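Residue strings, one per chain:
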Amino acid sequence: MNQADTVSNLLYEQVDGIGVITINRPHRMNAIDIATRNELRRLLERLCADLSLKVLILSGAGGNFCSGGDVRDMSVVAETGAENIEARRQRMLNLHPIVHMLVNFDRPVIAAVQGVAAGAGFGLALTADLVLAATNARFCAAFGRVGAVPDLGTFYTLPRAVGLQRAKELVFSAREVNAQEALQLGIALELHPPEQLMARARAMATAMVNASGTVLSISKRALNQSLRSDLQAMLNLEAEGAAIALNTEFHTDAAKRFASKQPPKFRWPGKDGT
């Protein structure tokens, strides 16, 4: 299935089961304003119901991923006094469906990050299952620089990526993390030259399109629950998941291929593209 959509602040393309969402505000380093946030929410609602979509990639246009919330919008609100505390709180609550849909998206999500991923852009990257970073990527929990608290799920995702103490340090300091440190901390899975980043993301996505969607879905749900579950609960999920997965056509075909020494349909691509 091939799809291509253009809206004012987002680009979306879907080819052969791989969807790519590109934040398209390069003149603002892809900062998320209210219009972009609303468009992203509507698009994700549609994609959650699109069973032809097998893997989702998040990216940004113009050499940056996302510089966070649009501070220009924030300053206008602050100067005009257009919102009271409850209205501001509600505006933040309106972000929550985006976080839920991405973190709990029933298929793999890859973030392809180059350039700046700051503030809400950092949080957006962390909602992905796999974060691929360009060698020029820069991550920053920049919220404290503008007197804000982390949003877009960062309180939840960051400690799970780097550990509690390091998450506190990154939030308290609001310092920038370069690509190499992001790799060392576990924020990024891999580093690639900027010109090779999307090719690597698409290669991973293509591999997962050829994997068992049932297995990926069950595994993602179980792993998302693992840090807030006990051993027995996870063993129960393991048993239930195995019963379902081993009854799929994918498993039957894979077993036959293995027995007859045929190459498997699913093969993870090496970093060198092989």
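Scroll up to find the structure.
What you see is a predicted model; the values in this text were computed from it and never measured.

Definitions and limits used
- Residues numbered from 1 in each chain as written.
- Predicted model: local features only at pLDDT ≥ 70, side-chain atom pairs only at ≥ 80, totals over all residues.
- Heavy atoms only, no water.
- Salt bridge = Lys/Arg side-chain N within 4 Å of Asp/Glu carboxyl O.
- Helix = DSSP H or I, 4+ residues; strand = E, 2+ residues; numbered from the N terminus.
- Buried < 20%, exposed > 50% of the residue type's maximum accessible area, 1.4 Å probe, protein only.
- Core = buried A, V, L, I, M, F, W, Y, C linked by side-chain atoms within 4.5 Å.
- Contact = heavy atoms within 4.5 Å.
- Pairing = 2+ DSSP bridges.
- Axes fitted to C-alpha atoms, helices over the stretch in contact; angles between N-to-C directions.
- Expected span 1.5 Å × (residues − 1).
- Arc of directions from axis to C-beta.
- Polar contact = N/O pair within 3.5 Å; in protein donor to acceptor, adjacent residues only side chain to side chain.
- Phe/Tyr/Trp six-rings, centres within 6.5 Å; stacked < 30°, edge-to-face > 60°.
- Lys NZ or Arg CZ within 6 Å of the ring centre and 35° of its normal.

S.K.: Sorry if this is basic, but what is going on with the pattern of salt bridges here?
M.R.: Side chains that differ in sign of charge can pair as their charged atoms come close. Counted according to the given criterion, the structure contains 14 salt bridges. Two residues, Arg-28 and Asp-70, come together in a salt bridge whose shortest N-O distance is 2.8 Å. Residue Arg-28 is found in the loop between β3 (18–23) and α1 (34–48), and its partner Asp-70 is found in the loop between β4 (55–60) and α2 (71–80); the two are separated by 42 residues along the sequence. Judged by relative accessible area, which is 2%, Asp-70 ranks as buried. When the shortest N-O distance is used, the salt bridge between Glu-176 and Arg-138 registers 3.4 Å. Taken together, the positions of Glu-176 in strand β9 (residues 176–178) and Arg-138 in strand β8 (residues 138–140) put the pair 38 residues apart, joining distant regions of the chain.

S.K.: Looking at this structure, I do not really get the nonpolar core. What am I missing?
M.R.: Proteins that are soluble and globular tend to have nonpolar side chains buried together. Among the nonpolar cores identified, the biggest contains 48 residues, and Ile-21, Leu-56, Phe-65, Val-113, Phe-139 and Ile-187 are the most heavily contacted of them. Excluding residues that lie within four positions of it along the chain, Phe-139 makes contacts with Val-113, Ala-117, Phe-122, Val-131, Ala-133, Arg-175, Glu-176, Val-177, Ala-182 and Ile-187. Grouped together as the second largest cluster of nonpolar side chains are 13 residues, Ile-18, Ile-110, Ala-134 and Ala-205 included.

S.K.: How should I be thinking about the sheet that holds strand β6 (residues 116–118) in this particular structure?
M.R.: Two pairing modes exist for strands in a sheet, parallel and antiparallel, and in both the strands are linked by backbone hydrogen bonds. Taken in spatial order, the three strands of this open sheet run β6-β8-β9, and their pairing is mixed. Each end of this open sheet is capped by a strand with a single partner; those strands are β6 and β9. Across the sheet, the mean angle separating the axes of adjacent strands is 20 degrees when strand polarity is ignored. Bridge count for β6 against β8 is three bridges, and the pairing is parallel. Bridge pairing in β8 places Val-116 opposite Arg-138.

S.K.: Please clarify how helix α10 (residues 213–226) should be interpreted in this entry.
M.R.: One turn of an α-helix holds 3.6 residues; hence residues three or four places apart share an orientation. With 14 residues, α10 extends 20 Å between its outermost C-alpha atoms, agreeing within 8% with the 20 Å of an ideal straight helix rising 1.5 Å per residue. Here α10 has its buried residues at Ser-217, Lys-220 and Ala-222.

S.K.: Can you help me understand helix α9 (residues 194–209) in this one?
M.R.: Here α9 contains 16 residues, and its C-alpha end-to-end distance of 24 Å stays within 8% of the 22 Å for a straight helix at 1.5 Å per residue. For α9, the complete set of buried residues consists of Leu-197, Arg-200, Ala-201, Met-204, Ala-205, Ala-207 and Met-208. What you see down the axis of α9 is that its buried residues fit within an arc of 160 degrees, all on one side. Across α9 from its buried face, at more than 90 degrees, point the exposed residues Glu-195 and Ala-199.

S.K.: Help me understand the side chain of Asp-33 in this model?
M.R.: Considering the arrangement of structural elements, one finds Asp-33 in the loop between β3 and α1. We classify Asp-33 as buried; its relative accessible area is 13%. Reaching out from Asp-33, the side chain makes a polar contact with the side chain of Arg-25 at a distance of 3.4 Å.

S.K.: I would appreciate a short explanation of the environment of Ala-207 in the present structure.
M.R.: Along the polypeptide, Ala-207 turns up in helix α9. A relative accessible area of 5% places Ala-207 in the buried class. With 40 residues separating them along the chain, Ala-207 and Asn-247 place their C-alpha atoms 21 Å apart. With residues near it in sequence (within four places) discarded, Ala-207 still touches Phe-266, Arg-267, Trp-268 and Pro-269.

S.K.: How should I be thinking about unusual backbone geometry in this particular structure?
M.R.: Both trends apply: most residues other than glycine have a negative phi, and most peptide bonds are in trans. Unlike most non-glycine residues, Asn-30 shows phi in positive territory, near 60 degrees. As for its placement among the helices and strands, Asn-30 is situated in the loop between β3 and α1. Given the relative accessible area of 0%, Asn-30 is considered buried.

S.K.: Can you help me understand the packing of aromatic side chains in this one?
M.R.: Any two aromatic rings considered together are summarised by their centre-to-centre distance and by the angle between their planes. Considering all chains together, one arrives at one aromatic pair under this definition. Between Phe-122 and Phe-139, the ring centres sit 5.8 Å apart and the planes meet at 55 degrees, which makes this aromatic pair tilted. A residue pair is termed long-range when its members are at least 10 positions apart, and Phe-122 in helix α5 (residues 120–126) and Phe-139 in strand β8 qualify at 17 residues. Like Phe-139, Phe-122 is buried. The positively charged end of Arg-160 is found above the aromatic ring belonging to Tyr-156, 3.7 Å away from the centroid.

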